[in-house]
Amino acid sequence: MKCTAIVLAAGQGKRMNSNIQKQFLMIKGKPVLYYSLAVFEQSPEIEEIVLVTGKDCIEYCKKEIIDLYGFQKVKKIAAGGRERYDSVYAGLCACEDCDYVFIHDGARPFVTEAMIKRTKEAVEKYDACIAGMPSKDTVKLADENGMVANTPKRSQVWTIQTPQVFSYSLIREAHEKARQYDMKEITDDSMLVERYGKVPVCLVEGAYENLKITTPEDILVAEKILEKNS
Ligand SMILES: Nc1ccn([C@@H]2O[C@H](COP(=O)(O)OP(=O)(O)OP(=O)(O)O)[C@@H](O)[C@H]2O)c(=O)n1
Ligand SMILES: C[C@](O)(CO)[C@H](O)COP(=O)(O)O
């Protein structure tokens, strides 16, 4: 079974408020994007990596990341799109003969081999699975006036991460279908399978450390995690 990782690095990082896109910011001397690529590169489960980045960043990624760190499994670099789902779709179109696809945010440097193994086992059984963790906080749903509408039971609330792993045909078809409609509320790939995929999506343990670098304080947390793990 051929497993391909699509690593997303085409976002603008507006919430980071930095003139360098967050996936290229340095943490402990290496770009954020390096860390997840290195885990997929080393993983015996992953045969190929498709990197998705901005059209203007393809040359930079080739020279300063893929060649510099010697990533052999990055077989394709695709140009991403305006929204995350456009970039995922570009990645899916660049995959060749792939059975399972691991979709991962390049802005999440702390994916691990254990997560890859757990999601691989789950996808073989269910065709669709996503990494996440039970919510540590109570979550409220708000109404349009900023008032509390509802409190879901915390034991049923998970915060969702990547990798999100699917059988290739299932996620490709879900994306094709969704592209016929308004996708503005779509923030992850699981939502497309939930709507169009007709199979339940399995939740798999990720890690609280598997944070997405989103705002400036996340860089400080990421540095601390790297120090602890080194
Ligand atoms: N058009 C896009 C938007 C996002 N991403 C990627 O998807 C991941 C998660 O997205 P997010 O944290 O929302 O990144 P940005 O869109 O870059 O951030 P922001 O929303 O703050 O602009 C990141 O690795 C980002 O590079 C992408 O490849 N293409
Ligand atoms: C897919 C995702 O990482 C799940 O948490 C996330 O939804 C992508 O980024 P965003 O911050 O929601 O745009």
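- Taking an unreviewed UniProt entry as the reference, the chain is identified by name as 2-C-methyl-D-erythritol 4-phosphate cytidylyltransferase belonging to Blautia hansenii.
- According to its UniProt record, the chain has this under Sequence similarities (unreviewed entry): "Belongs to the IspD/TarI cytidylyltransferase family. IspD subfamily."
- Recorded in UniProt for the chain, the comment headed Function (unreviewed entry) runs: "Catalyzes the formation of 4-diphosphocytidyl-2-C-methyl-D-erythritol from CTP and 2-C-methyl-D-erythritol 4-phosphate (MEP)."

**Re the site of ligand 2**
So, point 1. Near ligand 2, the surroundings consist of Arg-15, Arg-84, Asp-105, Arg-108, Ile-160, Thr-162, Thr-187, Asp-188 and Lys-212.
So, point 2. Within the side chain of Arg-15, an N or O atom sits 2.9 Å from an oxygen atom of ligand 2.
So, point 3. In this structure, Asp-105 approaches ligand 2 through a side-chain N or O atom, which is 2.5 Å from an oxygen atom.
So, point 4. The fraction of the free accessible surface of ligand 2 (350 Å²) that becomes covered by protein chains is 76%.
So, point 5. Split into classes, the residues belonging to the shell around ligand 2 amount to one nonpolar, two polar and six charged.

**Regarding unusual backbone geometry**
So, point 1. Looking along the chain, the bond that leaves Thr-162 and enters Pro-163 is cis, with omega of 10 degrees.
So, point 2. Within the secondary structure, Pro-163 is located in strand S10 (residues 158-167).
So, point 3. One non-glycine residue, Lys-198, adopts positive backbone phi at about 60 degrees.
So, point 4. Residue Lys-198 is classed as exposed on the basis of its relative accessible area, which comes to 80%.

**Some words on the environment of Thr-4**
So, point 1. Checked against the element boundaries, Thr-4 lands in strand S1 (residues 3-9).
So, point 2. Its relative accessible area of 0% is what places Thr-4 among the buried residues.
So, point 3. Residues Thr-4 and Gln-161, 157 residues apart in the sequence, show an inter-C-alpha distance of 18 Å.
So, point 4. Sequence-distant contacts of Thr-4, that is, excluding residues within four places in its chain, are made with Glu-48, Val-50, Cys-95, Cys-98, Tyr-100, Val-101 and Phe-102.

Rules behind the numbers
- Residues numbered from 1 in each chain as written.
- Chains lettered and ligands numbered in written order.
- Predicted model: local features only at pLDDT ≥ 70, side-chain atom pairs only at ≥ 80, totals over all residues.
- Heavy atoms only, no water.
- UniProt positions renumbered as here; feature names shortened; annotations may be inferred.
- Near = heavy atom within 4 Å.
- Polar contact = N/O pair within 3.5 Å; in protein donor to acceptor, adjacent residues only side chain to side chain.
- Areas by Shrake-Rupley, 256 points an atom, 1.4 Å probe, with all protein chains shown as cover.
- Nonpolar A, V, L, I, M, F, W, Y, C, P; charged D, E, K, R; others polar.
- Helix = DSSP H or I, 4+ residues; strand = E, 2+ residues; numbered from the N terminus.
- Buried < 20%, exposed > 50% of the residue type's maximum accessible area, 1.4 Å probe, protein only.
- Contact = heavy atoms within 4.5 Å.

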